[in-house]
Amino acid sequence: MSTQRPTCPRWCVAVHASEDESAISRHRSAIVDVAALQPAGATTLMLELHRTEGELTTWVYIGDGERQFLELSVESALRVAAALESVGVA
Ligand SMILES: [Zn+2]
């Protein structure tokens, strides 16, 4: 039995039959762990895409699941990555 909706983006791994709390689906990607170094030490950040059915914006969550996070549109996240390159780190 498929758990996906016809409107799921290709990155969606949500099990909509059990995860959706209303008639409106919340698409989400798999969580990707990213090893990161912060001034306080090493940590693991989670990265996840999500989008509510019917909305145009796909959001990127990057955070530790507790205290710190960024939630940006995909386009904004790509601009941040491009800005890092523009200052010469890559
Ligand atoms: Zn979906």
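Reading the values: rules and limits
Residues numbered from 1 in each chain as written. Predicted model: local features only at pLDDT ≥ 70, side-chain atom pairs only at ≥ 80, totals over all residues. Helix = DSSP H or I, 4+ residues; strand = E, 2+ residues; numbered from the N terminus. Rg over C-alpha atoms; globule rule 2.2 N^0.38 Å. Buried ≥ 20, exposed ≤ 12 C-beta atoms within 10 Å, placed from the backbone. Pairing = 2+ DSSP bridges. Contact = placed C-beta atoms within 7 Å. pLDDT = per-residue confidence, 0-100. Expected span 1.5 Å × (residues − 1).

Moving on, we come to the overall build of the chain. Across its full length, the chain holds two helices and five strands. Listing each helix as α and each strand as β along the chain from the N terminus yields α-β-β-β-β-β-α. Over its C-alpha atoms the chain spans a radius of gyration of 15 Å, topping by over 25% the 12 Å that the globule rule assigns to 90 residues. Principal axes of the C-alpha set define a box for the chain whose edges measure 45 × 25 × 20 Å. When the 90 residues of the chain are sorted by exposure, 6% land in the buried category.

This part is about the pairing of strand β2 (residues 32-38). As a general feature of sheets, a regular strand has side chains that alternate between the two faces. Burial runs low along β2: only zero of the seven residues are buried. Here β2 runs beside strand β3 (residues 41-52); their pairing, made up of seven bridges, is antiparallel. Residue pairing across strands places Gln-38 opposite Gly-41, the latter belonging to β3. Once β2 ends, the chain turns through two residues before running back antiparallel as β3.

This next bit is on the environment of Met-46. Looking at where Met-46 falls in the secondary structure, it is placed in strand β3. Between the alpha carbons of Met-46 and Glu-75 there is a distance of 18 Å; along the sequence they are 29 residues apart. Those residues in contact with Met-46, other than ones at most four positions away along the chain, are Ile-31, Asp-33, Gly-63 and Gly-65.

So, on to the confidence of the model for the chain. Chain-level statistics for the chain give a pLDDT mean of 92 and a share of 97% at 70 or above. Helix α1 (residues 16-19) is the least confidently modelled element of the chain, averaging 91 in pLDDT, while strand β4 (residues 59-63) averages 97, the highest of any element.

Taking 1.5 Å of rise per residue, the 13 residues of helix α2 (residues 74-86) would be expected to cover 18 Å, and the 18 Å separating its terminal C-alpha atoms lies within 8% of that figure. In terms of burial, α2 is largely open, as just zero of its 13 residues are buried. Positive phi shows up at Gly-88, right after α2, with a value of about 100 degrees.

Note: β3 against β4, five bridges, orientation antiparallel. Residue pairing across strands places Leu-49 opposite Val-60, the latter belonging to β4. Here β3 folds back onto β4, and the loop between the two strands holds six residues, one of which, Gly-54, carries a positive phi near 90 degrees. In this structure, β4 lies alongside strand β5 (residues 69-73), joined through five bridges in antiparallel fashion. By the bridge assignment, Val-60 is partnered in β5 with Leu-72. Where β4 folds back onto β5 in an antiparallel hairpin, the turn is made up of five residues, including Gly-65, whose phi is positive at roughly 80 degrees.

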